[in-house]
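What follows is each chain in one-letter form.
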Amino acid sequence: MTRLMLGRTLERICKGVLLLCLLHFLIMMILYFDVYSQRFDLFSRFNNGRNGSRNNVSGAAGGGHHYYYYNLSRPNATLASYLATGEQLVPTVQPETNQTPSPKPLPPCPENPPGLVGRLLIEFSSQMTMERVQKENPNVTEGGRYTPPDCRPRWKVAIIIPFRHRENHLKYWLHYLHPILRRQRIDYGIYIINQLGEDTFNRAKLLNVGYTEALKDAEYDCFIFSDVDLIPMDDRNLYHCYDQPRHFAIAMDKFGFRLPYAGYFGGVSGLSKKQFLKINGFPNEYWGWGGEDDDIYNRITLNGMKVSRPDVRIGRYRMIKHERDKHNEPNPQRFNKIQNTKNTMKKDGISSLTYRLVQVKRYPLYTNISVEIGKPPPRPLKG
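All of these numbers come straight from a predicted model, not from anything done at the bench.

Enquirer: Provide a residue-level description of the pairing of strand β8 (residues 268–272), including the pertinent values.
Expert: Where burial is concerned, most of β8 is hidden: five out of the five residues are buried. The side-chain alternation of β8 yields two buried faces, one formed by Val268, Gly270 and Ser272 and the other by Ser269 and Leu271. Relative to β8, strand β4 (residues 222–226) runs antiparallel, the two being bridged by five bridges. Its bridge partner lying in β8, phenylalanine 223 is registered against leucine 271. Where strand β6 (residues 246–247) and β8 come together, two bridges link them in antiparallel fashion.

Enquirer: If you had to explain the nonpolar core to someone new, which residues and values would you point to?
Expert: Core analysis: the biggest nonpolar cluster contains 41 residues, and Ile159, Trp173, Tyr188 and Tyr239 have the highest contact counts within it. When contributions to this core are tallied by element, the ones reaching two or more residues are β2 (156–163), α5 (167–183), β3 (187–195), β4, β5 (230–232) and β9 (316–319). In terms of residue count, α5 provides more of this core than any other element does, eight residues in total. Beyond its immediate stretch of four places on either side in the chain, isoleucine 159 contacts Trp173, Leu181, Tyr188, Gly189, Ile190, Tyr191, Ile224 and Tyr239. If you look at the next biggest cluster of nonpolar residues, it comprises 30 residues, including Leu271, Phe282, Trp287 and Ile369.

Enquirer: Can you explain the state of the cysteines? Please cite residues and give values.
Expert: Under the definition given, this model contains two disulfides. Across the disulfide from cysteine 109 sits cysteine 151; the S-S distance is 2.0 Å. Measuring handedness by torsion sign, the sulfur bridge of cysteine 109 and cysteine 151 sits at about 85° and is right-handed. Taken together, the residues cysteine 109 in the loop between α3 (86–89) and α4 (130–136) and cysteine 151 in the loop between β1 (145–146) and β2 connect sequence positions 42 residues apart. The burial state of cysteine 109 is the same as that of cysteine 151; both residues are buried.

Enquirer: How would you explain the pattern of salt bridges if you had to name every residue and give the values?
Expert: Inspection of every chain in the model, using the stated rule, returns 16 salt bridges. Across the pair arginine 166 and aspartate 229 runs a salt bridge whose closest N-O atoms are separated by 3.7 Å. Taken together, the residues arginine 166 in the loop between β2 and α5 and aspartate 229 in the loop between β4 and β5 connect sequence positions 63 residues apart. Like arginine 166, the residue aspartate 229 is buried in the burial classification. The partner of aspartate 235 in a salt bridge is arginine 183, and the shortest N-O contact between them spans 3.0 Å. Taken together, the residues span a long stretch of sequence, with aspartate 235 in the loop between β5 and β6 and arginine 183 in helix α5 at a distance of 52 residues. The class of arginine 183 is partly exposed, set by a relative accessible area of 23%.

Enquirer: Please give an account of the sheet that holds β5 that cites residues and values.
Expert: Pairing is mixed across the open sheet formed by three strands, whose spatial order is β5-β9-β7. In the strand order of this sheet, the two ends are held by β5 and β7 (251–252), each with one partner. Relative to β9, β5 runs antiparallel, the two being bridged by three bridges. Note on β9: the bridge partner recorded for isoleucine 231 is arginine 318.

Enquirer: Quick rundown of the packing of aromatic side chains? Include the residues and the values.
Expert: Working definition: an aromatic ring pair is given by the centre-to-centre distance plus the angle between the planes. Overall, the coordinates contain 15 aromatic pairs when judged by the stated rule. A centroid spacing of 5.5 Å and a plane angle of 80° characterise the contact between phenylalanine 124 and tyrosine 172, whose relative ring orientation is edge-to-face. Placement of the pair is phenylalanine 124 in the loop between α3 and α4 and tyrosine 172 in helix α5, with a sequence separation of 48 residues. Residues phenylalanine 124 and tyrosine 172 agree in their burial class; the two are buried. Between tyrosine 211 and phenylalanine 276 the ring centres are 4.1 Å apart and the planes differ by 20°, which places this aromatic pair in the stacked class. A residue pair is termed long-range when its members are at least 10 positions apart, and tyrosine 211 in helix α6 (residues 203–217) and phenylalanine 276 in helix α7 (residues 273–278) qualify at 65 residues. Neither residue differs from the other here; tyrosine 211 and phenylalanine 276 are each classed as buried. One aromatic cluster in this structure is built from Tyr191, Tyr211, Tyr220, Phe223, Phe225, Phe276 and Phe282.

Cut-offs and rules
- Note on numbering: residues in each chain are counted from 1, in written sequence order.
- Thresholds applied to this predicted model are a pLDDT of at least 70 for local features of residues and 80 or more for the giving and counting of side-chain atom pairs; totals over whole chains, interfaces and linings are not thresholded and use all residues.
- Neither water nor hydrogens contribute to the side-chain values; these are computed over all heavy atoms in the structure.
- Think of it in three bands: with a 1.4 Å probe and only protein chains considered, a residue is buried below 20% of the maximum accessible area for its type, exposed above 50%, and partly exposed in between.
- Helix numbering and strand numbering both begin at the N terminus, where a helix is a DSSP run of H or I of at least 4 residues and a strand a DSSP run of E of at least 2.
- For two strands to count as paired, DSSP must find a minimum of two bridges between them.
- Residues belong to one nonpolar core when they are buried, are Ala, Val, Leu, Ile, Met, Phe, Trp, Tyr or Cys, and are joined through side-chain atoms within 4.5 Å.
- Residue contacts are defined here by distance: any two heavy atoms, one from each residue, within 4.5 Å place the two residues in contact.
- Disulfide: a pair of cysteine sulfur atoms within 2.5 Å of each other.
- Put simply, a salt bridge is a Lys or Arg side-chain nitrogen that is within 4 Å of an Asp or Glu carboxyl oxygen.
- Side-chain rings of Phe, Tyr and Trp, where Trp is taken by its six-membered ring, are said to pair if the distance between their centres is within 6.5 Å; with planes under 30 degrees apart they count as stacked, over 60 as edge-to-face, and otherwise as tilted.

Right, here's the structure in full:
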């Protein structure tokens, strides 16, 4: 009997010890998971705070990832409750996109390009072909367009040439001018305005046409008007626009490399879009040779502007010798018209321009625009 009671007592003691061990084990496990979850929470907070500024920057740019941390030891929070709402646990991570880095902005082109050579040797004795000129200028794109690849030009320039039956002169002009303009780091396009038919030539009206048609092609803000037979002898004579209307060809060989008179504005000139519109463009009623340049000079001065010019040593030009064109005889009315510029400039100009566009053709070195500009009015009878 005593042994039986002793056995039962020992059995109870063993069960009690076992229960205590089990209870101790459960308590240790609970404590372990509680401490582990707190450590996990602290680690998540630390990582989130350390990377916060970086994630905020990328998030502000629109491509950053958003990270979340979860404290499983907070009151009433269980793993089961989070697993039941998996969308809350999974961080919202946007897929990576293969974005090419934006190109580095180009610096502005220098005011004084470093590649200029200064005084040039200009001669017209060697035979010139379009094939040769094209090989010399592989970087010029269709239509006679060029943009510097290494800098941002200050002006977008349309170079406009009034034209009829001067194919041989055009070859020399392109041969010399394309390399000069590229060295000057100019964003430019070349437009040949070809007057169709054999009626009296009208240089100024063709220049108005060139202004209008070039703007259909690109957002030009500078326009240089050049005769096809004039070649600059110095590449420091920069073909862009200035604060005032610019006269480039101030010292031609045909005038002994001197300005023929103070109001001369012929040969090669340049105006910004704003300056051109301020004077209502050029006159349309100068048929034949002479007078239109003086009218343009009057328009400039009457609108409160002054003509700017390069140094006489830089503004030198050679002219390709030629006979006077047929149907471009001197205009006998030019002197009377020049005296009336103040009365005519508001009604005769770009605002009153009419013409018929026949063809636009883009060649490798220039854009040819063929137009019909009408006929001159009948001249009044003498007496």
